[in-house]
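Coordinate analysis (summary)
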Amino acid sequence: PFLQLENLVDADVLKDDQEYADIVADIHGECSKAGTVMELKIPRPGQEGAADFVGRAFVRFADLGGAKAARTMLDGRQFDGNTVKATFVTAVAYGAVPANAR
């Protein structure tokens, strides 16, 4: 089960390595409250293949229950002054998102 989180962060924030690491940790921590996170993708500006995905996070959960709980918990929530939109995406859509840049 795959979840897309929109309106999380601005592209400028993702350029800073420390800010990026903090955001990854924050989102992973919040999503883990709902279920087991198998993978978290947060594309960065300038990353190959990432242009269409910057500003969004993509989360793969171990099971549907965790994904549903996270969607309920996060959809409409405020994060860094933005209102989060949480939606389910297909495995194909998730697979099109590039892995996190190191």
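For the structure, check the block above.
Note that the coordinates shown come from a computational prediction; the quantities given were computed from them, not determined experimentally. (Residues numbered from 1 in each chain as written. Predicted model: local features only at pLDDT ≥ 70, side-chain atom pairs only at ≥ 80, totals over all residues. Heavy atoms only, no water.)

1. A closer look at the pairing of strand 1 (residues 2–6)
- Among the 5 residues that make up strand 1, 4 are buried, leaving the element largely enclosed by the rest of the structure.
- Sheet analysis places strand 1 next to strand 3 (residues 57–61), joined by 4 bridges and oriented antiparallel. The residue bridging Gln-4 from the neighbouring strand is Phe-58, located in strand 3.
- Of the pairings in the sheet, the one linking strand 1 to strand 6 (residues 85–89) comprises 5 bridges and is antiparallel in character. Bridging from a neighbouring strand, Phe-2 pairs with Val-89 of strand 6. (Buried < 20%, exposed > 50% of the residue type's maximum accessible area, 1.4 Å probe, protein only. Helix = DSSP H or I, 4+ residues; strand = E, 2+ residues; numbered from the N terminus. Pairing = 2+ DSSP bridges.)

2. Notes on the sheet that holds strand 2 (residues 37–41)
- In spatial order, the strands read 2-3-1-6; together these 4 strands make up an open sheet with antiparallel pairing. The strands lining the two open edges of the sheet, one partner per strand, are strand 2 and strand 6. When strand polarity is set aside, the average angle formed by the axes of neighbouring strands in this sheet is 25 degrees.
- Lying over the sheet, helix 2 (residues 17–32) contacts strand 1, strand 2 and strand 3, oriented at roughly 145 degrees with respect to strand 2. (Axes fitted to C-alpha atoms, helices over the stretch in contact; angles between N-to-C directions. Contact = heavy atoms within 4.5 Å.)

3. Digging into helix 3 (residues 64–74)
- The set of residues buried in helix 3 consists of Gly-66, Ala-67, Ala-70 and Leu-74. Down the axis, helix 3 shows its buried residues gathered within 100 degrees of arc, on one side only.
- The residue sitting at the N-terminus of helix 3 and contributing the capping side-chain oxygen is Asp-63; that oxygen lies 3.2 Å from the backbone nitrogen of Gly-65. (Arc of directions from axis to C-beta. Polar contact = N/O pair within 3.5 Å; in protein donor to acceptor, adjacent residues only side chain to side chain.)

Purely geometric stuff here, so don't read any function into it on its own.
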